[in-house]
Amino acid sequence: MRSMIGARAGKLVLAASISAMFGGAAAPALADELADKLYEKGVLTEEEYNELKEKEDPYDMVGSFKKGVKWESRDGQFGIQLHGRVQLDYKSSDIERSIDEFDLRRAYLGVKGKFLDIWTYELTHDLARSRVEYAYMNYKWSNSIQARGGHFKFPLGFAQLTSSRFVDFMERPFTDEYEPGKDTGVMVYGEPKKNVFHYALAYANGSGRQNSPDVDKKDTIARGAVNFAPLADWDKGVLHFGLNWRDGAFDAAGTEFDRTTIQYEGVGAWGPVKIQGEYADIDFDEGGGQPDAKVSYISALWL
């Protein structure tokens, strides 16, 4: 009787050792193969073998269609998701020139993913414009401190930072013409208090979509935004204010000159009522011959 108990204990220790060795490693298939061999040789009983096989490998990828097409490991540390977007416009006009056409404005197709639950990435291509929209890696120390590098949307302007899926009008306001949009560079950002305070510091090429890639001077961008509603226990509304700053160079007709932007933003919302506005002051250096610009908009909506 004692020998039987000892043998069973030894086998359970062996089974536990197999699980410990391979359960947290990157080769779970080896553990399955070893368990199969031990079962074939009679070292493991059928009950013990089934117990080992039934244990879920934390690295198994499980597919889901609930919120898009995605796969995620059972422990939530790894994942990949397909995503896309198509926006089709129809334009008709008799002013200045006749227009009667369909326009495929966006046709995004890409992948997003994560690994070790601290690294995230995105690679998205716009098939309509044959260009890369997003290509970056992101590292998350905490909600307060994150770092991103690659090609992505840089932090300047509330309307610009709002996805084209959620803008209030078909077109973004004119302030968008003076904002960097998507560019290539690095950024440190975070949200020390969720839904209350957000900041970002970025360093980019400065070419954006409206500038020449030959400009040598890089863009330095800083942004801070506060939503005062939660601080006042106003949980049914939004009271957002933001300040943006950008310093760099601009290229016009082969002439490079400095450009500094200070931009303010404000958004107030209560139920279906929303008021949003931005004001940008763009100063160009005197030697470039480019006049300074002051651009603003305000919108009031019932959504």
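Check the entry above for the structure.
Conventions and cut-offs
- Residues numbered from 1 in each chain as written.
- Predicted model: local features only at pLDDT ≥ 70, side-chain atom pairs only at ≥ 80, totals over all residues.
- Heavy atoms only, no water.
- Helix = DSSP H or I, 4+ residues; strand = E, 2+ residues; numbered from the N terminus.
- Contact = heavy atoms within 4.5 Å.
- Patch = residues over 30% accessible without salt bridge, like charges linked within 9 Å, V, L, I, M, F, W, Y side chains within 5 Å.
- Areas by Shrake-Rupley, 256 points an atom, 1.4 Å probe, with all protein chains shown as cover.
- Salt bridge = Lys/Arg side-chain N within 4 Å of Asp/Glu carboxyl O.
- Buried < 20%, exposed > 50% of the residue type's maximum accessible area, 1.4 Å probe, protein only.
- Core = buried A, V, L, I, M, F, W, Y, C linked by side-chain atoms within 4.5 Å.
- Phe/Tyr/Trp six-rings, centres within 6.5 Å; stacked < 30°, edge-to-face > 60°.
- Lys NZ or Arg CZ within 6 Å of the ring centre and 35° of its normal.
- Polar contact = N/O pair within 3.5 Å; in protein donor to acceptor, adjacent residues only side chain to side chain.
- Pairing = 2+ DSSP bridges.

### Regarding the environment of Phe-228
Next up, step 1: Its place among the elements puts Phe-228 in the loop between strand S10 (219–227) and strand S11 (237–252).
Next up, step 2: Separated by 33 residues in sequence, Phe-228 and Asn-195 have C-alpha atoms that sit 9.4 Å apart.
Next up, step 3: Leave out the neighbours within four places in its chain, and Phe-228 touches Leu-239 and Phe-241.

### Looking at a nonpolar patch on the surface
Next up, step 1: Among the surface-exposed residues, Phe-228, Leu-231, Trp-234, Leu-239, Phe-241 and Trp-270 lie close enough to one another that they form a single nonpolar patch of about 580 Å² accessible area.
Next up, step 2: Looking at the element boundaries, Phe-241 is found in strand S11.

### Concerning the pattern of salt bridges
Pairs can form between side chains of opposite charge once their charged atoms are near each other.
Next up, step 1: Applying the stated rule across the entire model yields 13 salt bridges.
Next up, step 2: Among the salt bridges present, the one from Arg-259 reaches Asp-219, with a minimum N-O distance of 3.3 Å. Of the two residues, Arg-259 is situated in strand S12 (residues 255–270) and Asp-219 in strand S10; the sequence distance between them amounts to 40 residues.
Next up, step 3: Owing to a relative accessible area of 3%, Arg-259 belongs among the buried residues under this scheme.
Next up, step 4: Taken together, the salt bridges that share partners define one network made up of Glu-72, Lys-114 and Asp-117.

### Topic: the nonpolar core
Next up, step 1: Membership of the largest hydrophobic core is limited to eleven residues, which are Tyr-134, Tyr-136, Phe-152, Phe-154, Leu-156, Met-187, Tyr-189, Ala-200, Ala-202, Ala-204 and Ile-221.
Next up, step 2: Among the secondary structure elements, those contributing two or more residues to this core are strand S6 (131–140), strand S8 (182–193) and strand S9 (197–204).
Next up, step 3: Considering every element that reaches this core, the biggest residue donor is S9, with three residues.
Next up, step 4: Excluding its chain neighbours within four sequence positions, the residues that come into contact with Tyr-136 are Thr-120, Tyr-121, Glu-122, Arg-148, Gly-149, Gly-150, His-151 and Phe-152.

### Overview of the packing of aromatic side chains
Next up, step 1: Following the criterion strictly, the structure yields 13 aromatic pairs and no others.
Next up, step 2: Residues Phe-174 and Tyr-178 carry aromatic rings whose centres are separated by 6.0 Å and whose planes lie at 80° to one another, so their mutual orientation is edge-to-face.
Next up, step 3: Since its relative accessible area comes to 54%, Phe-174 is described here as exposed.
Next up, step 4: A relative accessible area of 25% means that Tyr-178 is categorised as partly exposed.
Next up, step 5: Within the aromatic cluster, the residues linked to one another by ring pairs are Phe-115, Trp-119, Tyr-121, Tyr-139 and Trp-141.
Next up, step 6: A cation over a ring is seen here: Arg-148 above Tyr-136, with NZ or CZ 4.1 Å from the ring centre.
Next up, step 7: Directly above the ring of Phe-152 sits Arg-148, whose terminal nitrogen or CZ lies 5.7 Å from the centroid.

### As for the environment of Arg-148
Next up, step 1: Along the chain, Arg-148 falls in strand S7 (residues 146–153).
Next up, step 2: For the pair formed by Arg-148 and Gly-185, sequence separation is 37 residues and the distance between their alpha carbons is 8.4 Å.
Next up, step 3: Those residues within four positions of Arg-148 in sequence are excluded, and the remaining contacts are Tyr-136, Met-137, Asn-138, Gly-185, Val-186, Met-187 and Tyr-189.
Next up, step 4: Among the polar contacts made by the side chain of Arg-148, one reaches the side chain of Tyr-189 at a distance of 3.2 Å.

### Looking at the pairing of strand S4 (residues 99–115)
Next up, step 1: Taken together, the 16 bridges between strand S3 (residues 78–93) and S4 define a ladder with antiparallel strand orientation. By the bridge assignment, Gly-79 is partnered in S4 with Lys-114.
Next up, step 2: As consecutive antiparallel partners, S3 and S4 are separated by five residues, and within that stretch Glu-96 has a phi angle of approximately 65°, a positive value.
Next up, step 3: As paired elements, S4 and strand S5 (residues 119–126) share eight bridges and run antiparallel to each other. Paired with Leu-109 across the strands is His-125, a residue of S5.
Next up, step 4: Hairpin remark: S4 followed by S5, antiparallel, with three residues in the connecting loop; positive phi at Leu-116, about 60°.

Purely geometric stuff here, so don't read any function into it on its own.
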